[in-house]
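Summary of the model geometry
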Amino acid sequence: MTTKLAVIAPVTSIPGNGQVEFDAVDLGAMTVGELKGRIEFESDIPADNQDLWWRGYCLDNDGLPLIKALVGVNEGENVEEGTPHLVIFMTESPVNDKDDDQESSNSSPSFIKLRQRTLSFDMEKVRDDIRNKKENFAAKTCIIL
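Residues numbered from 1 in each chain as written. Predicted model: local features only at pLDDT ≥ 70, side-chain atom pairs only at ≥ 80, totals over all residues. Heavy atoms only, no water.

1. Here we look at the overall build of the chain
Looking only at helices and strands, the chain features 3 helices and 5 strands. Put simply, the chain runs from its N terminus to its C terminus through helices and strands in the order β-β-α-β-β-α-β-α. Per-residue burial for the chain yields a buried fraction of 30% across its 145 residues. Pairs at least 24 apart in sequence give 55% of the contacts found in the chain among residues at least 6 apart. Accessible surface computed for the chain: about 10,000 Å², of which carbon and sulfur atoms make up 54%. (Helix = DSSP H or I, 4+ residues; strand = E, 2+ residues; numbered from the N terminus. Buried < 20%, exposed > 50% of the residue type's maximum accessible area, 1.4 Å probe, protein only. Contact = heavy atoms within 4.5 Å. Areas by Shrake-Rupley, 256 points an atom, 1.4 Å probe, with all protein chains shown as cover.)

2. A few points about the nonpolar core
Among the nonpolar cores identified, the biggest contains 24 residues, and Leu35, Leu52 and Leu66 are the most heavily contacted of them. Looking at this core, the elements that each hand over two or more residues are strand E1 (3-8), strand E2 (19-25), helix H1 (32-43), strand E3 (50-54), helix H2 (66-69) and strand E5 (85-92). Those residues in contact with Leu35, other than ones at most four positions away along the chain, are Leu5, Val7, Phe22, Met30, Leu52, Leu66 and Ile88. (Core = buried A, V, L, I, M, F, W, Y, C linked by side-chain atoms within 4.5 Å.)

3. Description of the sheet that holds E3
Spatial ordering of the open sheet is given by E2-E1-E5-E3-E4, a layout of 5 strands whose pairing is mixed. On the outer flanks of this sheet lie E2 and strand E4 (57-59), each paired with one strand and no other. The sheet shows a mean angle of 30° between the axes of neighbouring strands, direction not considered. Sheet topology places E1 next to E2; 5 bridges connect them, and they run antiparallel. Counterpart to Val7 in the pairing with E2 is Val20. In the packing of H1 onto the sheet, contacts are made with E1, E2, E3, E4 and E5, and the angle to E3 comes to roughly 120°. (Pairing = 2+ DSSP bridges. Axes fitted to C-alpha atoms, helices over the stretch in contact; angles between N-to-C directions.)

4. Quick notes on the side chain of Lys36
Relative to the helices and strands, Lys36 is located in helix H1. With sequence-adjacent residues up to four places away left out, Lys36 is seen in contact with Ala47, Gln50, Leu52, Leu59 and Asp62.

The following block contains the structure:
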């Protein structure tokens, strides 16, 4: 059974509506690397510059079939074979063309491949901090109308 797969990225990365859709994907047969190759074909973004994300997890093992790569740490956090629709997010990161050993000490720092962490993963702590500050502020503040 095949899955309709949508890869969503910022509009600045993928022209048009910011997504690439594939109608018939076999999650057990297609690897993460093959998906990156298809995205490169559709959007001209080199596969090395693509970081694919699913539910806050980076899909960074290009040799894994999608069905094995789409697994989280919590119970039930996986994709079943035959899932009708699936959405994966993509971020684009610059890649350093030079080897770090070849970079001279007087040259300006060049881009190194950045691992952008998904916002949903990082924002949980920030959200909790903001809530705590809000509660502390509300407890110390008295507003008279």
